[in-house]
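The lines below spell out each chain.
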Amino acid sequence: MTGVWLNRIWHAVLWIPVVFFSHPLLAKNLYGDSNLNLPVGVTHMSREVYSLHMIIFWICVVIAVVVFGVMFWSLIRYRKSKGAKAAHFHENTLVEILWTAIPLVILVVMAIPATATLQKIYDTSEAEMDVMITGYQWRWHYEYLGQDVSFFSNLATPPEQIDGREQKGENYLLEVDQPLVLPVDTKVRLLLTSNDVIHSWWVPQLAVKKDAIPGFVNENWTRIDEPGIYRGQCTELCGRLHGFMPVTVKAVSKEDYQIWLAEQKQQAVEKAAGNEREWTLPDLMAQGETVYNTYCAACHMVNGQGIPPAFPALAGSPLTTKAEGRATHIELVLYGKAGTAMAAFGSTLSAADLAAVITYERNAFGNNTGDVVQPAEIKQQLKPTE
Amino acid sequence: MTSNSYSSAEGHIHEPPLRGIKRWLLTTNHKEIGSLYLIFSLVMFFIGGTMALVIRAELFQPGLQLVQPEFFNQMTTMHGLIMVFGAVMPAFVGLANWMVPLQIGAPDMALPRLNNFSFWLLPLAFSLLLSSLFMEGGGPNFGWTFYAPLSTTYAPPSTNFFILSIHLAGISSILGAINIIATILNMRTPAMKLMDMPLFVWTWLITAFLLLAVMPVLAGVVTMMLLDINFGTSFFNAAGGGDPVLFQHLFWFFGHPEVYIMILPAFGIASMIVPTFARKRLFGYRSMVYATASIAILSFVVWAHHMFTVGLPLAAQLFFMYATMLIAVPTGVKVFNWVATLFHGSISFEVPMLFTLAFIVQFTIGGLSGVMLAIVPADYQYHDTYFVVAHFHYVLVPGAVFAIIAGVYYWLPKWTGFYPDETLGRWHFWLSVIGVNLTFFPMHFSGLAGMPRRIPDYALQFADFNLLSSLGGFLFGMSQLLLIWVVVRCVRGGKPAPDKAWEGAEGLEWQVPSPAPLHTFSTPPEFIPERDSPGRA
């Protein structure tokens, strides 16, 4: 009985700020496009979080108005310059009990809905599909568990926009080469971990933020109501390019999702075939340039000059230009270098991509060795670890 | 009777004072060491502030213009470390050195040589820290919270120097805390009971216990980092079976009490200044003391509210949410007490009072956004965004720093014998208030709109707010040059101050001459508790 009653009051209280703030006219006049507030979002949970946020916000505003009201009124009313004489009271048990008890009650009022919402957020059961999200410096990897579909999602904003040589696009720094595609009206369980340092995966429109921590698998979930593109960012400082690893989620209808999934599986097959065949030098160079600019240029720079001493130059280095360096060069790309920022790409990239990027590094930036590294050689190298 | 017997009657045989650098290197006088702390803190405030301006200049508009991301990360990291450990904490220790012995009627700190040592560790620690910026691979770039494994496996080689400097600063803090506790507990003038102590003394006593409790934890956590980096242990390395989240638990077990270390003495200063300029006894002295103690105790059980997104179990999230919300109660009591002190007072608005009133309002704004951050589901949206940056800067800059500046204006007449220039002080105040709010208020909005913290470049929809913050940042930074001007002028001269520099002031510090001579209270003074003082009848 009391539960129903409380629930009704609660919804009434909840409703006022929601109506007030989400009214399109008001929202438009008050804020325009300037985003003065949290987004309401596109999931049930995001709307609940938004309501909670507005309720606490208004409670805080009321408290501030009352406290500052009394304070400023006292400051004006009891000015010495207007002849105010100080009173002598310095305690009042009743008042002191009241201003301890009333805040306590307000806090309990805040804590009840917060607890209810939090319990829902923690309920990851009965998910219809699972996506494994792995943070890398500085990109996200998405794996559709049980579907043999996985890919990296990299920043797609060109460096020319970042350093001001080109006009910045509408989704500057919030665009990726391949977004996470999810079906609407489906409970998706998100499993999060990291390959290196701690990252945090955040999409404001979904009200999902969870850390991706090496050695841990965290859980969260979402169920998106409307198709659309929802953008967020990494929110845990993860090194140099922390500001450059966006999260983009593309929500599509269930049918479109199935079509997309089939395409992805087809592409995976084609990609696997690429690992089996012989490539020509121009093909390797073309593919290698794409891979290099996505995975290597962040540290070794587009022109291969690096940022010594942390990130060595690849242009003119003995490692990339001399025949004796070839084996070490391949080994470094595949297994990384312990104690440095050089990551291991052996398990990240396909054999064809690895062959292409190593070939590219040995021929671009004026290195011109004429060396060709084939996928077969990479597969040979990788064998012992498999 | 010779002149010799006069000085022994004073209880001291004075050696001729040392001259030049030796006087400052070897001084054991609490007033001189207090001044050293304050000057050091001011220097660090400007170094850390310059770094903040580098950050604000880069964020003035979208795109990478002035600095590269690696240097930007070094700036955010160093700005935080220097402001926390180099500016705010030493400023409070400096005020404690000057004022605690004067307020309790003690001739000096209990352990004067230790006092000298704990000060001189600081310049050493911070030169070491700053020098790391010039080392190969750059300085610390992992944020002032230095989360592992970014600060261990992936850190620049200079991290070892960072660890050593944190150790040195930590030792300095621990020794300083021991000294303050020993002084307050043993050297009060006999008539002064604990519940008669001025609130600045009370808040510092409690702060000192917090320091003693948590600085060793910080020392422990940086030592574990040192072992992970150099000796192959895996405390925080998942690949070796370690636990990166353990780092955060340890860090915030230190870190949360640390934020109260930076605010409790500010409460003390406000509780001295408000009654003086309201000419009315502090409302609820006892509840102020109990509230301070409650905040200190609660500060040990709220640390995981910094970690709501790391994936703690539901029960832990709820516990830390409730405990955090509870802190609002004693904190509220303090604000209500200040307001009740103002109520029915006889209020005047000298510069120290202006800064204190601004402190109360702005700290309360920071406190209220703190309540919002405590609500876990909402925190998922705020966590690690500019909303958090706005929150903690509101409690630290318009909060703690304003209280420190208020304290400086309040006690400058006692230190120098002259009043600080009232007109310049007012200019300093108004420019600071406008600058600081212009800097930090828009950050609430950039955070809600979705801007993560610690990024050197941002999406276009955050541009307007960042522009405002940057303009405000430069205004606030530049107006602090006025503070230096005011202090330098005040040291050189001005309107002479009597012993009791402010009409409504109470307490032992106002019974000694202005400027306070090098040695005061060689014999314990008479003491009348404020409640029996004729001035506050």
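All values derive from a computational prediction rather than experimental measurement.

1. Some words on the confidence of the model for chain B
No. 1: In the predicted model, chain B carries a mean pLDDT of 93, and 96% of its residues have values of at least 70.
No. 2: Per-residue pLDDT stays below 50 along residues 1-11 of chain B; that stretch engages in four contacts with residues further than four places along the chain or on separate chains.

2. Quick notes on a nonpolar patch on the surface
Residue and element names in this part refer to chain B.
No. 1: Taken together, the side chains of F474, M478, L481, I484 and V488 make up a nonpolar region of the molecular surface, amounting to roughly 400 Å² of accessible area.
No. 2: Mapped onto the elements of the fold, V488 is located in helix 17 (residues 463-492).
No. 3: For V488, a relative accessible area of 40% translates into the label partly exposed.

3. Side note on the pattern of salt bridges
No. 1: Applying the stated rule across the entire model yields 17 salt bridges over all chains.
No. 2: Among the ionic pairs, R453 of chain B bridges to D384 of chain B, the shortest N-O distance being 3.5 Å. Remark: D384 of chain B occurs in the loop between helix 14 (376-382) and helix 15 (386-416) and R453 of chain B occurs in the loop between helix 16 (422-448) and helix 17; sequence separation between them is 69 residues.
No. 3: Taking relative accessible area as the criterion, R453 of chain B reaches 12% and is therefore assigned buried.
No. 4: Via salt bridges that share partners, R326, R362, D371 and E377 of chain A belong to a single interconnected network.

4. Remarks on the interface of chain A and chain B
No. 1: Counting residues at the interface gives 89 residues for chain A, matched by 96 residues for chain B.
No. 2: Regarding the contact of chain A and chain B, the summed buried area is about 7900 Å², with carbon and sulfur atoms giving 71% of it.
No. 3: The largest contributions to the chain A side of the interface with chain B come from Y78, W99 and L237 of chain A, which together make up 9% of the buried area.
No. 4: Viewed at the interface, chain B and chain A are joined by two salt bridges.
No. 5: For E503 of chain B, the salt bridge is made with K80 of chain A, and the minimal N-O distance between the two is 3.7 Å.
No. 6: Counting across the chain A and chain B interface gives 23 residue pairs in polar contact (both at pLDDT 80 or more).

5. Considering the domain arrangement of chain A
All names here are of chain A.
No. 1: The domain architecture assigned to chain A consists of domain 1 (2-122), domain 2 (129-272) and domain 3 (277-385).
No. 2: Every contact between the two is made by 12 residues of domain 1 and, on the other side, 13 residues of domain 2.
No. 3: Approximately 920 Å² of surface area, both sides summed, lies buried where domain 1 meets domain 2, with 56% of it carried by carbon and sulfur atoms.
No. 4: Considering only the side of domain 1, the residues that lose the most area to domain 2 are P39, V42 and T43, jointly responsible for 52% of the buried surface there.
No. 5: In this structure, the connection of domain 1 to domain 2 is made through one salt bridge.
No. 6: Note that R47 and D225 form a salt bridge whose closest N and O atoms lie 2.6 Å from each other.
No. 7: Applying the counting rule to domain 1 against domain 2 returns six residue pairs in polar contact (both at pLDDT 80 or more).
No. 8: Going through the elements one at a time, helix 3 (44-77) and helix 4 (93-122) are the ones with two or more residues in the side of domain 1 that touches domain 2.
No. 9: The element that contributes the greatest number of residues to the side of domain 1 that touches domain 2 is helix 3, accounting for five residues.

Cut-off values and rules
- Residues numbered from 1 in each chain as written.
- Chains lettered and ligands numbered in written order.
- Predicted model: local features only at pLDDT ≥ 70, side-chain atom pairs only at ≥ 80, totals over all residues.
- Heavy atoms only, no water.
- pLDDT = per-residue confidence, 0-100.
- Contact = heavy atoms within 4.5 Å.
- Patch = residues over 30% accessible without salt bridge, like charges linked within 9 Å, V, L, I, M, F, W, Y side chains within 5 Å.
- Areas by Shrake-Rupley, 256 points an atom, 1.4 Å probe, with all protein chains shown as cover.
- Salt bridge = Lys/Arg side-chain N within 4 Å of Asp/Glu carboxyl O.
- Helix = DSSP H or I, 4+ residues; strand = E, 2+ residues; numbered from the N terminus.
- Buried < 20%, exposed > 50% of the residue type's maximum accessible area, 1.4 Å probe, protein only.
- Buried area = accessible area lost by both parts, 1.4 Å probe.
- Polar contact = N/O pair within 3.5 Å; in protein donor to acceptor, adjacent residues only side chain to side chain.
- Domains from an automatic or database assignment.

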